[in-house]
Amino acid sequence: MKVYDRLFIGGEWRAPAGTGTIDVVNPATEEPAGRVPEATEADIDRAVEAARTAFDEGPWPKMAPTERAEILTKVSQAVQAEMGELAVLISTEMGSPVSWATLGQVFAPSMIFDYYAGLAGTYPFDEVRQGVMGQVLVTGEPVGVVGAIAPWNVPLFVSAAKLSPALVAGCTVVLKPAPETPLDAFRLAELFTDSGLPKGVLSVVPAGREVGEHLVRHPAVDKVSFTGSTVAGKKIGAICGEQLKRFSLELGGKSAAIILDDANLEETLPMLLPNSLMNNGEACVAQTRILAPRDRYQEVVDALSERMSAMKVGDPLDPETEVGPLVAARQRERVEGYIKIGQEEGAKVALGGGRPSGQPKGWYVEPTLFVDVDNSMRIAQEEIFGPVLAVIAYDGGDDQAVAVANDSSYGLCGSVWTSDPDRGLEVARRVRTGTYMLNAPIPIDFATPFGGFKESGMGREFGPEGLELFLEQKSISLPAGYTPSI
Ligand code: NAD
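This text gives an overview of the structure that appears in the document.

This part covers helix α13 (residues 397-406). Burial in α13 covers these residues: Asp 398, Ala 401, Val 402, Val 404 and Ala 405. With its buried residues spanning 165° around the axis, α13 presents them on a single face. Close packing links the buried residues of α13 with β13 (255-259), β14 (287-293), β17 (388-394) and α14 (421-430).

Below you can see the structure in the form of structure tokens.
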């Protein structure tokens, strides 16, 4: 059991202002896995003050981006050096199957650090532009103090997605991890310290939503970078809007996988299913609505049932496990509530629907397949965030498939499966989501923008676009005959 009695404030381990603690509970055993101090508003104030001073007076924003990037490279190497331990730590916090966690929860963050370390050397922070009235220096400056708020489902991944571009840009950051997953965030703080991050640049203050909201409202925070639920995102966006504070939101999803009538299911399902049930279904990009042409509906259901029933459910630390426990008893109640709602709405459970036998402890739910689902049902419209899929029939060809996919308040991800890539690309262009997979197994490429249309978010992380979330653009008109060296 990992116990911390201090918070990481301004690059130092400091005694918390309050006496509250957060207990981390292992979702597979329901046993304690760690304890950390719970940050209070006073701790947030101290962290923001340290970040403000480091931004306004410190060397950090004035350093060259490539110098700042050297720290990211060191952190990436450190993360890779303890990939196995970190995967176990995160799995113990939130139940991710360790084989998936190794790649998705740990190796992927190291790739994100590396991508932004590389971009620091190539991104045009300064550009002399020939304007219509003369030469202008267009320069990207760090936006300032960043409040970064992360969810529990991919904690290190989201920390990397926010810290990498923010730090390359020259911002200072107060990171508030979710209360379920503070341990990996504290380990990351240690790795940043070991890698030479100057004092004041990073704070890590685990707490719940009220204290998180204090960070959002704090007048000395210039920008909020939030990943989490759409409900919280709307609240945070409203607060930032009132203050004209910069903000970006990565929110929920209810992504549709469109199986076209010419799809080869033998090729499709091994790529699609891991995306539908990744991370126990606790993934924003999970492809949880499976859209099947009516005349192939039963074939799709049978093929999905066969593969899902063969999935290994159990101890997330077993490398063979494909589906582990949900993060908390509360989350299992939520998922079971949706299974009940689906049945009340008239959908049928073709597979699963209960708790797996042989798991006396742990917050497990069986991989569950709903059939006879209408897209208007709540189980097709709302994010369940568990291993529950809905198969929805469509008539009328590609147009109807696109219409059903787009009949959603979300627009984060999606996919199309076909033996004709041209036809698939046409569908991909018409679905209103920010990220899409055409016969492809991986939804996110860190060199390209990722984010949501509609209620799935605002702004794009990753790629140069992700760096630009942390830059203010400034135009400096230059005198005739003068060209600065940049
Ligand atoms: P959540 O919104 O309940 O909490 C996310 C984080 O925000 C936590 O740290 C929480 O303490 C904090 N928080 C909540 N309300 C807040 C408020 N009003 N002010 C400040 N902070 C607040 O979400 P969750 O249950 O932890 O995470 C699951 C959600 O995250 C799902 O909806 C999932 O789709 C989404 N998600 C999105 C992405 C993406 O990139 N789009 C990635 C991962 C998760």
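The discussion continues.
Strand pairing in a sheet is mediated by backbone hydrogen bonds. Such pairs are either parallel or antiparallel. Read across the open sheet, the three strands follow the order β1-β5-β4; overall the sheet is mixed. Lying at the two open borders of the sheet, with one neighbouring strand each, are β1 (2-3) and β4 (21-25). In terms of strand pairing, β1 meets strand β5 (residues 32-37) through two bridges, oriented parallel. Bridge pairing links Lys 2 to Gly 34 in β5. In the packing of helix α6 (residues 183-194) onto the sheet, the strands contacted are β1, β4 and β5, and the crossing angle to β5 comes to about 60°.

For the rest of this paragraph, the subject is the site of the ligand. Around the ligand, the surrounding shell holds 31 residues, and the nearest of these are Ala 150, Lys 176, Ser 229, Leu 251 and Glu 383. Between a nitrogen atom of the ligand and a side-chain N or O atom of Glu 250, the distance comes to 3.4 Å. One of the backbone N or O atoms of Leu 251 is found 2.8 Å from a nitrogen atom in the ligand. When the ligand sits alone it has 840 Å² of accessible area, and the protein chains cover 92% of it. Secondary-structure elements contributing two or more residues to the shell around the ligand are α7 (209-217), β11 (223-227) and α8 (230-243). With four residues, α7 is the single largest residue contributor to the shell around the ligand. Looking at the shell around the ligand residue by residue, the class counts come to 18 nonpolar, seven polar and six charged.

Cut-offs and rules
- Residues numbered from 1 in each chain as written.
- Predicted model: local features only at pLDDT ≥ 70, side-chain atom pairs only at ≥ 80, totals over all residues.
- Heavy atoms only, no water.
- Buried < 20%, exposed > 50% of the residue type's maximum accessible area, 1.4 Å probe, protein only.
- Helix = DSSP H or I, 4+ residues; strand = E, 2+ residues; numbered from the N terminus.
- Arc of directions from axis to C-beta.
- Contact = heavy atoms within 4.5 Å.
- Pairing = 2+ DSSP bridges.
- Axes fitted to C-alpha atoms, helices over the stretch in contact; angles between N-to-C directions.
- Near = heavy atom within 4 Å.
- Polar contact = N/O pair within 3.5 Å; in protein donor to acceptor, adjacent residues only side chain to side chain.
- Areas by Shrake-Rupley, 256 points an atom, 1.4 Å probe, with all protein chains shown as cover.
- Nonpolar A, V, L, I, M, F, W, Y, C, P; charged D, E, K, R; others polar.

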